Amino acid sequence: AHGGFSGYRGVGRDITREKLAEERIQHLATHDGLTGLANRVLFHEMLGLAVRSARRNDRKLAVLFIDLDHFKAINDTLGHDAGDLVLKEFASRLNQCLRGTDVVARLGGDEFVVLIQDVGDADQVAVVAHKILAAASEPVPFNGHACCVSASIGICMVSAGAWDEQSILKNADRAMYAAKEKGKNNFQFFDGLAGVPTTG
C-alpha cells in the first residue's frame, strides 16, 4: 500500500545444457570437424564481410588458395589415419604462420584458404606465403614413417573490394593451378590486369 517492494514469485530453470548444445550445433555447422578450422560456409561469409569493409575503407586484402602436393600418395600408402594427421598438423602450422586477425579455413580434402585483411603490398603477402611453404614441407611423423608434402599456393590480391567473393576465390584457384604447373612447392600471384597468374 505504501509503494514498497514486498517480494516476488517466479520459476527458474537451468538451461545451460540447452545453450551449450545450441553452441555446439552452431560450431559444427560453421567449422571443419577434423581440423577445427572455419569451413567453406563460414569462410564465404567472412570473405563477404571483408570485401565490403575493404571497399568502404579503401584497403587491400589477399586470399591464398592452398593445395597440398603429394597428399593422395600418403592416403594411398599409409591410410586415411596418416592423411588425417597430416591435415590436422598442417592446419595447426597454418595458424602459427598467421596473425590473429587473419582467417584460415579448410574447404575440403587437402584444400585450404587464407584471408589476410588490410595488407600493404605483394611483398608482405609473399612473406606469409614463404612461411606457409616452409611449414608445409616439414615432415609429419606417423608410426615410424615421415609423411612429406609440400604446398602449391595461388594468391589473389584485391584492392578496395574490386571483385566479388566468387571471382576472388576463382582467381586464387587459377593461380594455385599455375603453381602446380610450375613444379609445385611454390606460389603464384593472379594478375588482375592481365588476367593471368604471375610469379611472386
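Reading guide: rules and limits
Residues numbered from 1 in each chain as written. Predicted model: local features only at pLDDT ≥ 70, side-chain atom pairs only at ≥ 80, totals over all residues. Heavy atoms only, no water. Axes fitted to C-alpha atoms, helices over the stretch in contact; angles between N-to-C directions. Helix = DSSP H or I, 4+ residues; strand = E, 2+ residues; numbered from the N terminus. Parallel < 35°, antiparallel > 145°, perpendicular 65-115°, else oblique. Contact = heavy atoms within 4.5 Å. Nonpolar A, V, L, I, M, F, W, Y, C, P; charged D, E, K, R; others polar. Buried < 20%, exposed > 50% of the residue type's maximum accessible area, 1.4 Å probe, protein only. Expected span 1.5 Å × (residues − 1). Polar contact = N/O pair within 3.5 Å; in protein donor to acceptor, adjacent residues only side chain to side chain.

## What to know about the packing of helix α2 (residues 40-57) against helix α6 (residues 165-181)
In step 1: Where α2 contacts α6, the axes come no closer than 10 Å and their chain directions differ by 110°. Judged by the inter-axis angle, α2 sits roughly perpendicular to α6. On the side of α2, the interface is formed by Phe43, His44, Leu47, Gly48 and Val51, while α6 contributes Glu165, Gln166, Ile168 and Leu169.
In step 2: Taken together, the residues of the contact of α2 with α6 sort by class into five nonpolar, three polar and one charged.

## Considerations on unusual backbone geometry
In step 1: Positioned with a positive phi, His70 is a non-glycine residue whose angle comes to about 70°.
In step 2: Looking at the secondary structure, you find His70 in the loop between β1 (60-69) and α3 (71-78).
In step 3: One non-glycine residue, Lys184, lies in the positive phi region at around 70°.
In step 4: Secondary-structure assignment places Lys184 in the loop between α6 and β7 (186-191).
In step 5: Taking the relative accessible area as the measure of exposure, Lys184 reaches 33% and is therefore partly exposed.

## Quick look at α2
In an α-helix, one turn spans 3.6 residues, which is why side chains three or four residues apart end up on the same side.
In step 1: Look at α2: 25 Å from first C-alpha to last across 18 residues, which is about the 26 Å you get at 1.5 Å a residue.
In step 2: Looking only at α2, the buried set comprises Leu42, Phe43, Leu47, Gly48, Ala50, Val51 and Ala54.
In step 3: Backbone nitrogen of Val41 and a side-chain oxygen of the N-cap are separated by 3.2 Å at the start of α2; the cap is Asn39.
In step 4: Following α2 by one or two positions, Asp58 has its phi on the positive side, about 55°.

## A closer look at the side chain of Thr35
In step 1: Tracing the backbone through its elements, the reader meets Thr35 in the loop between α1 (16-30) and α2.
In step 2: Here Asp32 takes part through its side chain, which lies 2.7 Å from a polar atom of the side chain of Thr35.
In step 3: At 3.2 Å, the side chain of Thr35 forms a polar contact with the backbone nitrogen of Leu37.
In step 4: Among all residues touching Thr35, those that are not within four sequence positions of it are Leu87, Lys88, Ala91 and Arg106.

On their own, these measurements won't tell you what the molecule is for.
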